[in-house]
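Structure at a glance
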Amino acid sequence: MRRSLQLSLFAVVLLGLLGGTLAYFAAQKSVTLTVDGQVRTVGTYAATVGDVLDAEGLEPAPQDVVLPSAEQAIADGDAVVLNRARPLELTVDGVSRQVYVTALSVDEALAQLGYRTDGLVLSASRSERLPLEGMQLTISTPKDIVLVSDGQERVVTTTAATAGDLLAEQGIALSETDRTSLYLNQGLLNRMRLQVFRVQVSEITEAAAIPHERVETANPEALEGDETVTQQGVAGEQVSTVRVTVVDGVETARETLSTSVTREPVPELVTVGTKPRPANSPSADGLNWAALAQCESGGRPNAVSSTGKYRGMYQFSQATWNSVGGTGDPAAASADEQTYRAQLLYQRSGAGQWPHCGKNL
């Protein structure tokens, strides 16, 4: 080959190489990349925003913010912003949830979440930076709580997270038996009502009477309706152990735990007359028994003579009374029975049984 031809071919190849190199460098772009506030300039041949990030080893998560969008075409001099989201375990007034923020500090996170109120109590400093892996943040907001304790009701403004925190803040101690209207670990909300119930539980002993029984025995010698107590009844006694619950000074419940008898009751023994009463009244036989009684005793069924020998309306001696079927003290018998016994005596012996007053019959 002639030397001139070789030189011509070499020139053509050289020009091709120079043209390709110039085209390669002409296709490169300069892009400003900002990641979490850190700015740097990168050279790239990427066609889109997503390609730029991929070339830099950055893979955005769904919660991250990418500006412009990943599909946007990129040109020389453009800017790309990536704000990576941080998971935040957020607890506000005792209620927990997970949120994502692109903030770089606690203060910025509060602004993003809308917590701009003064007086917040935070578990971390406002200036503390948020790590990429996130953190836990507790917020207590100022709340007006209606607090009722020991007979007083008042409204307190507090940033306490729970009911238990508020009681501790106010110096209110609880005994083992005291109760509250809210659970101690319950989160507080504005205008909630928290009431403390002072509960006292004690065991006491109480004595109570046991009623005695009444045992009746028929007495055929006594008139119907007449009763004689032969043994006085005595009530028994039982002692109970009682658990008493008092809430704020008012008894609300009592429970009997055990009962024991300390004294057995004694039954009342009574004889009851079964003999039919006579059909006649004191004057049915034509005799004036009322006049005789008036003369003998002033008409008093329980009259007793000065010597104690003669007793009742008709002044029976005990022997005479027994002889006509009477039992016990004549003065203790009813007026009807005394008249009945007097009629029996008259039928047997006449008015002479009453030597001074018999004439009144």
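Here the structure is a predicted model, which is why all the values come from computation and not from measurement.

**Notes on the overall build of the protein**
A tally of regular secondary structure across the protein gives seven helices and 18 strands. Per-residue burial over the protein gives 32% buried out of 361 residues. Put simply, of all contacts in the protein between residues at least 6 apart along the chain, 53% involve residues at least 24 apart. Accessible area for the protein stands at about 21200 Å²; split by element, carbon and sulfur atoms hold 52% of it.

**What about the pairing of strand β16 (residues 236–247)?**
Examined bridge by bridge, strand β13 (residues 199–210) and β16 share twelve bridges and lie antiparallel to one another. If you follow glutamate 206 over to β16, its bridge partner there is serine 240. Relative to strand β17 (residues 250–263), β16 runs antiparallel, the two being bridged by eleven bridges. Directly across from threonine 241, in β17, lies its bridge partner serine 258. What sits between the antiparallel neighbours β16 and β17 is a turn of two residues, in which aspartate 248 has the positive phi angle 50°.

**Some points on the domain arrangement of the protein**
The assigned domain composition of the protein is domain 1 (29–84), domain 2 (86–140), domain 3 (143–197), domain 4 (202–274) and domain 5 (287–360). Here the C-alpha centre of domain 3 lies 53 Å away from the C-alpha centre of domain 1.

**A word on the state of the cysteines**
Inspection of every chain in the model, using the stated rule, returns one disulfide. Sulfur-sulfur distance for the disulfide between cysteine 295 and cysteine 357 comes to 1.9 Å. Disulfide cysteine 295-cysteine 357: the torsion about the S-S bond is -65°, which places it as left-handed. Of this pair, cysteine 295 sits in helix α5 (residues 289–297) while cysteine 357 sits in the segment after α7 (335–349), and the two are 62 residues apart along the sequence. Using a relative accessible area of 35% as the deciding quantity, one classes cysteine 295 as partly exposed.

**Considerations on the sheet that holds strand β8 (residues 135–140)**
Pairing is mixed in the open sheet, where four strands are placed in the order β6-β5-β8-β7. Strand pairing shows two members of the sheet lacking a second neighbour, β6 (95–101) and β7 (121–122), which therefore form its edges. The pairing of strand β5 (residues 86–92) with β6 spans seven bridges and is antiparallel. Looking across to β6, one finds that leucine 90 is bridged to arginine 97.

**Quick notes on the environment of glycine 325**
By the secondary structure assignment, glycine 325 is in the loop between α6 (318–323) and α7. Between the C-alpha atoms of glycine 325 and valine 242, which are 83 residues apart in sequence, the distance is 55 Å. For glycine 325, the residues in contact, after removing those within four places along its chain, are Glu221 and Arg341.

**Examining the UniProt feature "domain: G5" (unreviewed entry) in the protein**
Per the UniProt record, the feature "domain: G5" (unreviewed entry) sits at residues 196–276. For the annotated span residues 196–276, helix accounts for 0% and strand for 78% of the residues, and the straight-line distance between the end C-alpha atoms is 73 Å.

**Brief notes about the layout of surface pockets**
Here the largest pocket is characterised by a volume of approximately 250 Å³. Lining the largest pocket are 13 residues, and of these Glu227, Thr228, Thr327, Ala333 and Glu337 lie nearest its centre. For the lining of the largest pocket, the secondary structure elements donating two or more residues are β14 (214–223) and β15 (227–231). Per-class residue counts for the lining of the largest pocket are three nonpolar, six polar and four charged. For the lining of the largest pocket, the two domains that each supply at least three residues are domain 4 (202–274) and domain 5 (287–360). Lining the second largest pocket are Glu296, Tyr310, Tyr314, Gln315, Phe316, Ser317, Thr320, Leu345, Gln353, Trp354, Pro355 and His356. Residue classes in the lining of the second largest pocket are distributed as six nonpolar, five polar and one charged.

**Topic: the packing of aromatic side chains**
Under the criterion given, the structure shown has five aromatic pairs. Aromatic pair tyrosine 314 and phenylalanine 316: ring centres 6.4 Å apart, planes at 80°, arrangement edge-to-face. In this pair, the class of tyrosine 314 matches that of phenylalanine 316, namely buried. For the pair phenylalanine 316 and tryptophan 321, a centre-to-centre distance of 5.1 Å together with 70° between the ring planes defines the contact as edge-to-face. By the ring-pair criterion, three or more aromatic residues cluster together here, those being Trp289, Tyr314, Phe316, Trp321, Tyr346 and Trp354.

Reading the values: the criteria
- Residues numbered from 1 in each chain as written.
- Predicted model: local features only at pLDDT ≥ 70, side-chain atom pairs only at ≥ 80, totals over all residues.
- Heavy atoms only, no water.
- Helix = DSSP H or I, 4+ residues; strand = E, 2+ residues; numbered from the N terminus.
- Buried < 20%, exposed > 50% of the residue type's maximum accessible area, 1.4 Å probe, protein only.
- Contact = heavy atoms within 4.5 Å.
- Areas by Shrake-Rupley, 256 points an atom, 1.4 Å probe, with all protein chains shown as cover.
- Pairing = 2+ DSSP bridges.
- Domains from an automatic or database assignment.
- Disulfide = S-S within 2.5 Å.
- UniProt positions renumbered as here; feature names shortened; annotations may be inferred.
- 1 Å grid on protein atoms, 1.4 Å probe; cavity = no way out; pocket = protein on both sides within 12 Å on 5 of 7 lines; lining within 4 Å.
- Points joined across faces, edges and corners; volume = space filled by probe spheres on them.
- Nonpolar A, V, L, I, M, F, W, Y, C, P; charged D, E, K, R; others polar.
- Phe/Tyr/Trp six-rings, centres within 6.5 Å; stacked < 30°, edge-to-face > 60°.

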